[in-house]
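What follows is the residue order along each chain.
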Amino acid sequence: MSQTAQELPKELDLDDLIHLENMFVEFGREDGLAAGGRNGAIEGRVMGCEKGFELSREVGYYAGCAQLWKALAMLDQDRITEKTLKKINSLLDLINSFPRENQLDDDVVALLDKIRGKFKTVASALQTSERYADAPKSKMFY
């Protein structure tokens, strides 16, 4: 019996068991990072699509109003002054400069703020209370 007790410590090395646990922790960490990267990329794309749609809808609203005001100005030139027509054209120029695809160097938020400000200026000059109202949140689930 004393012989097996002496052999047992030689066969069981606790350092190997500790290393085995660390190895499984590292494998689990690597698997978690890979899964998180995949899930994060999917979630990021969905979020990007939703935010892009919201921005485009708002800019589209401003474009529609500006185009309508310009058409009305052409029909009845006495009602809308030349100064206001220049403001409308300036608004349309800002809207047309809004990027239609992803670009890293564009400051979309600053440009959208300029468009909003110009829209308010034109709406005030036309003495209308037109403003963009946020649509209800999407009920789509991904």
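The chain carries the name Essential protein Yae1 N-terminal domain-containing protein in an unreviewed UniProt entry, which gives Entomortierella parvispora as its organism. Taken from UniProt, the Sequence similarities (unreviewed entry) comment for the chain reads in full: "Belongs to the LTO1 family."

S.K.: I'd love a proper account of the side chain of Thr 84, names of residues and values included.
M.R.: Among the secondary structure elements, Thr 84 is positioned in helix H3 (residues 82-96). In this view, Thr 84 contacts Ala 125 and Leu 126; residues no more than four positions away in its chain are not counted.

S.K.: Mind laying out H3, listing which residues take part and the relevant values?
M.R.: Between its terminal C-alpha atoms H3 stretches 21 Å, which fits the 21 Å expected from 15 residues at 1.5 Å a residue. Buried within H3 we find Thr 84, Leu 85, Ile 88, Leu 91, Leu 92, Leu 94 and Ile 95.

S.K.: Tell me what's going on with the UniProt feature "domain: Essential protein Yae1 N-terminal" (unreviewed entry) in the chain, and back it up with residues and numbers.
M.R.: Mapped onto the present numbering, the UniProt feature "domain: Essential protein Yae1 N-terminal" (unreviewed entry) falls at residues 30-66. The span residues 30-66 shows a helical share of 100% and a strand share of 0%, and its end C-alpha atoms are spaced 53 Å apart.

S.K.: Can you break down the pattern of salt bridges residue by residue, with the values?
M.R.: According to the stated counting rule, one finds four salt bridges in the structure shown. A salt bridge links Arg 29 to Glu 26; the nearest nitrogen and oxygen atoms lie 3.8 Å apart. With Arg 29 and Glu 26 both in helix H2 (residues 14-75) and three residues apart, this pair spans about one turn of that helix. The class for Glu 26 is partly exposed, based on a relative accessible area of 36%. Salt-bridge contacts for Asp 113 lead to Arg 116; the nearest nitrogen and oxygen are separated by 3.3 Å. Here Asp 113 and its partner Arg 116 are both found in helix H4 (residues 108-125), three residues apart, which amounts to about one turn of the helix. Residue classification places Arg 116 among the partly exposed residues on the basis of a relative accessible area of 30%. Salt bridges linked by common partners bring Glu 58, Asp 113 and Arg 116 together as one network.

S.K.: Could you give an account of the nonpolar core, naming the residues involved and the relevant values?
M.R.: By size, the foremost hydrophobic cluster in this structure holds 19 residues, and its most contacted members are Trp 69, Leu 91, Ile 95 and Ile 115. In contact with Ile 115, not counting residues within four places along its chain, are Tyr 62, Leu 91, Leu 94, Ile 95 and Phe 98.

S.K.: Tell me what's going on with the packing of aromatic side chains, and back it up with residues and numbers.
M.R.: What describes a pair of aromatic rings is the distance from one ring centre to the other and the angle between the planes of the rings. In this structure the tally under the stated criterion is four aromatic pairs. Members of the aromatic cluster, joined through ring pairs, are Tyr 61, Tyr 62, Trp 69 and Phe 119.

S.K.: An account of the confidence of the model for the chain is needed here, citing residue identities and associated values.
M.R.: For the chain, the mean per-residue pLDDT works out to 81, and 81% of the residues sit at or above 70. The least confident element of the chain is helix H1 (residues 2-11), whose mean pLDDT is 50; the most confident is H3, at 93. Low pLDDT, under 50, characterises residues 4-8; the stretch is placed with zero contacts to residues that sit more than four places away or in other chains.

S.K.: Which residues make up the layout of surface pockets, and what values go with them?
M.R.: The method is simple in principle: a probe with the dimensions of a water molecule rolls over the atoms, and the space it marks as empty is what remains. Its boundaries defined by the atoms lining it, the largest pocket holds a volume of some 480 Å³. Gly 52, Leu 55, Phe 98, Pro 99 and Asn 102 are the residues nearest the centre of the largest pocket, which is lined by 17 residues in total. Breaking the lining of the largest pocket down by element, the ones donating at least two residues are H2 and H4. Considering each element in turn, the lining of the largest pocket owes the most residues, seven residues, to H2.

About the criteria used
Residues numbered from 1 in each chain as written. Predicted model: local features only at pLDDT ≥ 70, side-chain atom pairs only at ≥ 80, totals over all residues. Heavy atoms only, no water. UniProt positions renumbered as here; feature names shortened; annotations may be inferred. Helix = DSSP H or I, 4+ residues; strand = E, 2+ residues; numbered from the N terminus. Contact = heavy atoms within 4.5 Å. Expected span 1.5 Å × (residues − 1). Buried < 20%, exposed > 50% of the residue type's maximum accessible area, 1.4 Å probe, protein only. Salt bridge = Lys/Arg side-chain N within 4 Å of Asp/Glu carboxyl O. Core = buried A, V, L, I, M, F, W, Y, C linked by side-chain atoms within 4.5 Å. Phe/Tyr/Trp six-rings, centres within 6.5 Å; stacked < 30°, edge-to-face > 60°. pLDDT = per-residue confidence, 0-100. 1 Å grid on protein atoms, 1.4 Å probe; cavity = no way out; pocket = protein on both sides within 12 Å on 5 of 7 lines; lining within 4 Å. Points joined across faces, edges and corners; volume = space filled by probe spheres on them.

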